[in-house]
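Remarks on the overall topology
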Amino acid sequence: MLDKRGARIVGLPAGALDDVALAQSTAIHPDDLGATQAAFAAGMADTKPFTLEYRVIHPDGSVHNVVSRGILIADETGRPLRVVATNRDATAEHHAAAERERILAAERDARQTAEAANRTKAAFLAVMSHELRTPLNAIGGYAELMQMGIRGPVTPAQVEDLGRIQASQRHLLGLISEVLNYAKVEMGMVQYDIIEFPLRDALVLAEALVEPQARARGLVLAVAECPSDLTVRADRDKVQQILVNLLYNAVKFTEVGGHIALSAECSEEMAHVTVRDTGIGIEADQLRRIFDPFVQVRSDLTRTAEGTGLGLAISRELARGMNGELQVASEPGIGSVFTLTLPCA
Ligand code: ADP
């Protein structure tokens, strides 16, 4: 029998392999017998240590894996005296290795399936975007021709309707681009051009882009604070995209007379950019959900035509793609603070 550690040393006369099996009160598995006998015979050919791995069947019928390491002891004339061998029950490790292999294979399969699905999705989206954009562009183009009276006289009411057709066409195009952008980010198809640049430039540009909308809604938008020497390592366009998205949201969800402030500071090697508004705020139970795709907390307030509920989902993915993060704190009726974190240069 094997001892507690599953190993013991047995001294055997040189000769039949059967002795190894008999010493363990077991039988070598019939499938392994031939190969094990051949390996044993090879081990007997000289006095180098040898290793045998084979299965045995215990008297209770259970199958165990055994590793035998042995060496042939010979006298000075080279005449075999005996074999010294250790037999170790390696069943547990054998099972563990098989289980590891099974898990690895399952992971490999899952990865391959996911990659294939992603490729199919990407191809589908590329085709779909083209197929949808082409007729949509035609709709917009012909509506414009008619509106301009190029196809013949149009009444003022028709001009108005044609304007609505064009507005809807632009909205649909925007939706399609947004869905495609989200799909690309989700599929990891976005390339990041990481450079070092002064954060203040990005803040000032984002403010300039959104300021007209803010003014039109009677809001005050300002860059409050940003050290001029604060430099980040990120993709400039993506940072711009995130900031503009946050500012547009702040404009959308802040009542007339409100304030929106953009500011940045550096702490623990990370830059923290905040977009703070005095808007309607977000209920605590919705805070986590707003980063999920297609979530709009109160679409009645946002004049549903504006927005897809994808802006924040895309923004957070982009922030994470640059080793950053996007977080929110908010109090209903008081306002919201979105914080974009980026690595400092
Ligand atoms: P969209 O703006 O296109 O609806 P987003 O993903 O940008 O989609 O935002 C998701 C939802 O989060 C919005 O519909 C809104 O309910 C909420 N939200 C985002 N920003 C603000 C904000 N500054 N104040 C209040 N609610 C906001």
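The structure presented is a predicted model; accordingly, all values stated were derived computationally and were not measured. (Residues numbered from 1 in each chain as written. Predicted model: local features only at pLDDT ≥ 70, side-chain atom pairs only at ≥ 80, totals over all residues. Heavy atoms only, no water.)

1. Some points on the packing of aromatic side chains
Think of a pair of aromatic rings as described by two things: how far the centres are apart, and how the planes are tilted against each other in angle. Going through the model one piece at a time under the given rule, you end up with 1 aromatic pair. Ring plane angle 85° and centroid distance 5.8 Å describe the contact between Phe40 and Phe50, whose orientation is recorded as edge-to-face. Note that Phe40 is positioned in helix 2 (residues 30-43) and Phe50 in strand 3 (residues 50-57), a separation of 10 residues in sequence. Phe50 shares its class with Phe40; the two are buried. Positioned over the ring face of Tyr192 is Lys238, at 5.5 Å from the centre of the ring. (Phe/Tyr/Trp six-rings, centres within 6.5 Å; stacked < 30°, edge-to-face > 60°. Helix = DSSP H or I, 4+ residues; strand = E, 2+ residues; numbered from the N terminus. Buried < 20%, exposed > 50% of the residue type's maximum accessible area, 1.4 Å probe, protein only. Lys NZ or Arg CZ within 6 Å of the ring centre and 35° of its normal.)

2. Brief notes about the site of the ligand
Around the ligand there are 20 residues in total, and Asn249, Asp277, Gln296, Thr308 and Leu312 lie nearest to it. Contact between the ligand and Leu312: an oxygen atom at 2.8 Å from a main-chain N or O atom of the residue. Here a nitrogen atom of the ligand and a side-chain polar atom of Ser336 are 3.4 Å apart. Contact with the protein chains removes 97% of the 530 Å² of surface that the ligand exposes when unbound. For the shell around the ligand, the secondary-structure elements that each account for two or more residues are helix 6 (236-252), helix 8 (311-321) and strand 12 (335-343). (Near = heavy atom within 4 Å. Polar contact = N/O pair within 3.5 Å; in protein donor to acceptor, adjacent residues only side chain to side chain. Areas by Shrake-Rupley, 256 points an atom, 1.4 Å probe, with all protein chains shown as cover.)

3. Regarding helix 6
Here helix 6 is 17 residues long and its end C-alpha atoms lie 24 Å apart, about the 24 Å a rise of 1.5 Å per residue gives. Of all 17 residues making up helix 6, 13 are buried, and the element is well covered by its neighbours. (Expected span 1.5 Å × (residues − 1).)

4. Topic: the pattern of salt bridges
For the structure on display, the rule yields 12 salt bridges. Among the ionic pairs, Arg79 bridges to Asp75, the shortest N-O distance being 3.4 Å. You can call Asp75 buried: its relative accessible area is 19%. A salt bridge links Arg102 to Glu99; the nearest nitrogen and oxygen atoms lie 2.8 Å apart. (Salt bridge = Lys/Arg side-chain N within 4 Å of Asp/Glu carboxyl O.)

5. Thoughts on unusual backbone geometry
The backbone of Glu268 sits at a positive phi, close to 50°, despite the residue not being glycine. Inspection of the secondary structure puts Glu268 in the loop between strand 9 (259-267) and strand 10 (270-277). Positive phi, close to 60°, is recorded for Asn323, a residue that is not glycine. Position of Asn323 among the secondary structure elements: in the loop between helix 8 and strand 11 (325-331).

6. Brief notes about the side chain of Asp32
By secondary structure assignment, the location of Asp32 is in helix 2. Classification of Asp32 by relative accessible area gives buried; the value is 15%. Other than its neighbours up to four places away in sequence, Asp32 contacts Tyr54 and Arg55. (Contact = heavy atoms within 4.5 Å.)

7. Notes on the nonpolar core
Counting residues in hydrophobic clusters, the biggest one holds 48 residues, and the most contacted among them are Leu199, Leu203, Val239, Leu243 and Leu340. If one sorts the elements of this core by residue count, helix 6 sits on top with 8 residues. In this view, Leu243 contacts Ala202, Leu203, Ala206, Leu262, Val273 and Leu340; residues no more than four positions away in its chain are not counted. Counting 11 residues, the second-largest nonpolar core is a separate cluster that includes Phe40, Leu52, Val56 and Val66. (Core = buried A, V, L, I, M, F, W, Y, C linked by side-chain atoms within 4.5 Å.)

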